[in-house]
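# Descriptive structure summary
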Amino acid sequence: MRCEICGNEIRGQPHYRIIEGGKMTVCARCTKYGSAEWDPFQPRARPRGRPTPRRPRSEVEAAENLELVEDYGVKIRKARQKMRMTVEDFARKIREKESVIKKLEKEELNPDRKLVRKIKNALNVDILVVEEVSAAPVGAKHSRGRSLGDIMKLSQSKSVEEEKQG
Ligand SMILES: [Zn+2]
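These notes cover the structure that comes with them. For clarity, every value in this text was computed on a predicted model and none was experimentally measured.

What counts, and where the lines are drawn
- Residues numbered from 1 in each chain as written.
- Predicted model: local features only at pLDDT ≥ 70, side-chain atom pairs only at ≥ 80, totals over all residues.
- Heavy atoms only, no water.
- Helix = DSSP H or I, 4+ residues; strand = E, 2+ residues; numbered from the N terminus.
- Buried < 20%, exposed > 50% of the residue type's maximum accessible area, 1.4 Å probe, protein only.
- Donors = N, O, S within 2.8 Å, 3.2 Å for Na, K, Ca; no water.
- Tetrahedral: all angles 85-135°; square planar, octahedral: opposite > 155°, others 65-115°.
- Arc of directions from axis to C-beta.
- Contact = heavy atoms within 4.5 Å.
- Core = buried A, V, L, I, M, F, W, Y, C linked by side-chain atoms within 4.5 Å.

### Describing unusual backbone geometry
What is expected of a backbone is that most residues other than glycine have negative phi and most peptide bonds are trans. Even without glycine at this site, R95 takes up a positive phi of about 55 degrees. Examined against the element boundaries, R95 turns out to sit in the loop between α2 (87-93) and α3 (98-105). For E107, which is not glycine, the phi dihedral falls at a positive 55 degrees. On the secondary structure map, E107 appears in the loop between α3 and α4 (113-123). What makes E107 partly exposed here is its relative accessible area of 33%.

The following block contains the structure:
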C-alpha cells in the first residue's frame, strides 16, 4: 500500500486521514496534512454535517390516488343489482357501512385499494382503470384545434353599410 500523499510505501499501519475533504490513506509522516481521521472499516463513514433524519414521506398519509373507471358508481350498482343484492346486503357482504356503499354508487366516495379489492371480490367488477402496458398510439388524440387563418377569414368578411346623407 502506498501513501496517497507522498506516494511512498506505507510500512506498518497506514493512517487514515481526511485531507481537504477526501479520505486518504497516508503514511505516518503525512498524517500532518489531515486533521480528522476516518474509519476504513465502516462501510459508510458519514461525513460530518447534519444528520439526515428519517421522516415519513408525508405527514398525513393521504388517501391513495387510485385511478378509477369513469362511471364506477354505476358499475358497482349494476353489478350489485345483477347479483340481486340490496345496498344493505352488499354492505354486509363486504363489511362496510351502507352509507359507504351509497356514497360509492353516487361516486361521492373514492374507495381505497382495500375497498376496491373487496368490491372486486364480491361483485366481480374491476373499477380500477387498467393501466396499459403497451405504448399508446401516437397522435391519436390532440388533433383538434383551429388554425388562426380560419379566424382571420371570418373577420375579413366585413359588411360595410353606406349611409348617404344629404
Ligand atoms: Zn506520505
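Anyway, onward from the coordinates.
### Side note on the coordination of the zinc ion
Summarising the metal site, the zinc ion is bound by the protein donors C3 (SG), C6 (SG), C27 (SG) and C30 (SG), whose distances to it range over 2.2 to 2.3 Å. What the 4 donor atoms of the zinc ion show is an angle range of 103 to 116 degrees at the metal, which sorts the shape as tetrahedral. Written as a sequence motif, the donor arrangement for the zinc ion is C-x2-C-x20-C-x2-C. Linking C3 in the segment before β1 (15-19) with C30 in the loop between β2 (22-26) and β3 (36-37), this pair joins segments that are 27 residues apart in sequence. As far as the burial class goes, C3 and C30 line up, both buried.

### Some words on α3
Here α3 has its buried residues at V100, I101, L104 and E105. Buried residues of α3, seen end-on, are gathered within an arc of 125 degrees and therefore sit on one face of the element. Looking at the packing, one finds that the buried side of α3 touches α1 (72-82), α2 and α4. Positive phi appears at E107, one or two residues downstream of α3, with a value of about 55 degrees.

### Side note on the nonpolar core
Residues Y72, I76, F90, I94, I119, L123 and I127 are the most contacted members of the largest nonpolar core, which totals 22 residues. Those elements that place two or more of their residues in this core are α1, α2, α3 and α4. Per-element accounting of this core gives the leading share, 5 residues, to α4. Residues C3, I19, C27 and C30 belong to the second largest nonpolar core, which totals 6 residues.

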